[in-house]
Amino acid sequence: MKAVVCKSWGAPETLEIMDLPDLTPGFGEVGIQVKAAGVNFPDVLIIQNKYQFKPELPFTPGSELSGEVYAVGDGVTHLKKGDKVIAFIGYGAFAQQVVAPANAVMPMPPGMDFDTAAAITLTYGTSHHAIVDRAQLKAGETMLVLGAAGGVGLAAIEIGKALGAKVIAAASTDEKLEICRQHGADVLINYSNVDLREAIKQASEGKGPDVIYDPVGGIYAEPAFRSIAWRGRYLVVGFANGEIPKLPLNLMLLKGASLVGVFWGEFAKREPKNNLAAMKELIGWLHQGKIKPHISARYALNETAQALNDLAARKVTGKIVIRPER
């Protein structure tokens, strides 16, 4: 089987496509023929040794996938050969085959395609954990989403609307904002050509957003936080801008506001039952048409470096996936 291999820390161009032996699952594991693998910002960081989780070299990046079970190890009872499945793993998805712990694998819902299945786990899992669990967004409240045209951003818009909130989407181009509008955003802010604080004030009728969803960091964090409503919740999701912001603590005091950390991967590991309940709610919303992953591009395995570079340069909207068999 072919796989993308990271032999040394570095940029996406340092990755290699290698022919490796077929994988055999051990006790409690399943072997999956990968049909699609979701590409996420942590994949860009992990190959540069800049992510919280640091695998030993060499390794294959990629953390979420969909595919078909080709072999089942001893001790696995809820899966069988031929099952279509979704898996979330630490690494290994950018390959034609992967071996995953059975407890990290769930059956694909009937009627779901492989691309959608590969695109729903991390982005929608992160945004559901952030908005429903950590921020406890309520119907009638207002949420501002920064970097709103990205994978987690579009998921956040849809989840906010599913909960009955008003959603303000902020992104860097009008083209990206049009995608946000199509996914339900009520108000659009192009923060590349307006004063962000003034735009937020107008969009929220002077009250400020109750929840701010921030996967970007950098220069937008402080003006956004200064705009937050009384008792607001600021969700720290990630730093796609590349810069970790430093916020004056007096801002939290003056607004009675909270800074709330969001680390879905750790949540899924520590609280698997709560994560499963969240995924079931997301699947229900998917069937009801309340959420719909936006997949803007598909890449072959040998185009993995391009996929990661496009994501890092913020050239894509929604999700992109790698199709190993293309």
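See the structure above.
The paragraphs below set out a description of the structure included in this document. What you are looking at is a predicted structure, and each value in this text was computed from that prediction instead of being measured.

Digging into the environment of Asn-103
Then comes step 1: Its place among the elements puts Asn-103 in the loop between strand E6 (97–101) and strand E7 (105–107).
Then comes step 2: Relative accessible area serves as the criterion here: at 73%, Asn-103 is assigned to the exposed category.
Then comes step 3: Separated by 75 residues in sequence, Asn-103 and Gly-28 place their C-alpha atoms 8.1 Å apart.

Observations concerning the sheet that holds strand E9 (residues 166–171)
Then comes step 1: The parallel open sheet is built from six strands, whose spatial order is E10-E9-E8-E11-E12-E13. The open sheet terminates on both sides in strands that have one partner only, identified here as strand E10 (187–190) and strand E13 (258–261). Adjacent strand axes in the sheet meet at a mean angle of 20 degrees when their direction is disregarded.
Then comes step 2: One ladder, built from four bridges, connects E9 with E10; its direction is parallel. Counterpart to Ile-168 in the pairing with E10 is Val-187.
Then comes step 3: Against the sheet, helix H5 (residues 196–203) contacts strand E8 (142–145), E9 and E10, and its axis sits at roughly 170 degrees relative to E10.

Digging into empty space enclosed by the protein
Think of a ball as big as a water molecule: rolled over the atoms, this probe shows where empty space is left.
Then comes step 1: Evaluated as defined, the whole model comprises one cavity of 30 Å³ or more.
Then comes step 2: When its volume is computed, the largest cavity comes out at roughly 30 Å³.
Then comes step 3: Broken down by element, the residue count for the lining of the largest cavity peaks at three residues, all from helix H3 (residues 151–162).
Then comes step 4: Residues that form the lining of the largest cavity fall into these classes: four nonpolar, three polar and one charged.

Observations regarding the side chain of Arg-233
Then comes step 1: Within the secondary structure layout, Arg-233 lies in strand E12 (residues 233–236).
Then comes step 2: A polar contact is formed between the side chain of Arg-233 and the backbone oxygen of Ala-135, at a distance of 3.0 Å.
Then comes step 3: Excluding residues that lie within four positions of it along the chain, Arg-233 makes contacts with Ala-135, Gln-136, Leu-137, Glu-141, Asp-210, Val-211, Ile-212, Ile-228, Ser-258 and Val-260.

Quick word on the environment of Arg-323
Then comes step 1: Looking at the element boundaries, Arg-323 is found in strand E15 (residues 319–323).
Then comes step 2: Residue Arg-323 is classed as partly exposed on the basis of its relative accessible area, which comes to 25%.
Then comes step 3: Taking the C-alpha atoms as reference points, Arg-323 and Arg-298, separated by 25 residues in sequence, lie 6.7 Å from one another.
Then comes step 4: Look past the residues within four positions of Arg-323 in its chain and what remains in contact with it is Lys-35, Ala-36, Asp-115, Arg-298, Tyr-299, Ala-300 and Leu-301.
Then comes step 5: One polar contact links the side chain of Arg-323 to the main-chain carbonyl oxygen of Lys-35, over a distance of 2.7 Å.

Conventions we followed
Residues numbered from 1 in each chain as written. Predicted model: local features only at pLDDT ≥ 70, side-chain atom pairs only at ≥ 80, totals over all residues. Heavy atoms only, no water. Helix = DSSP H or I, 4+ residues; strand = E, 2+ residues; numbered from the N terminus. Buried < 20%, exposed > 50% of the residue type's maximum accessible area, 1.4 Å probe, protein only. Pairing = 2+ DSSP bridges. Axes fitted to C-alpha atoms, helices over the stretch in contact; angles between N-to-C directions. Contact = heavy atoms within 4.5 Å. 1 Å grid on protein atoms, 1.4 Å probe; cavity = no way out; pocket = protein on both sides within 12 Å on 5 of 7 lines; lining within 4 Å. Points joined across faces, edges and corners; volume = space filled by probe spheres on them. Nonpolar A, V, L, I, M, F, W, Y, C, P; charged D, E, K, R; others polar. Polar contact = N/O pair within 3.5 Å; in protein donor to acceptor, adjacent residues only side chain to side chain.

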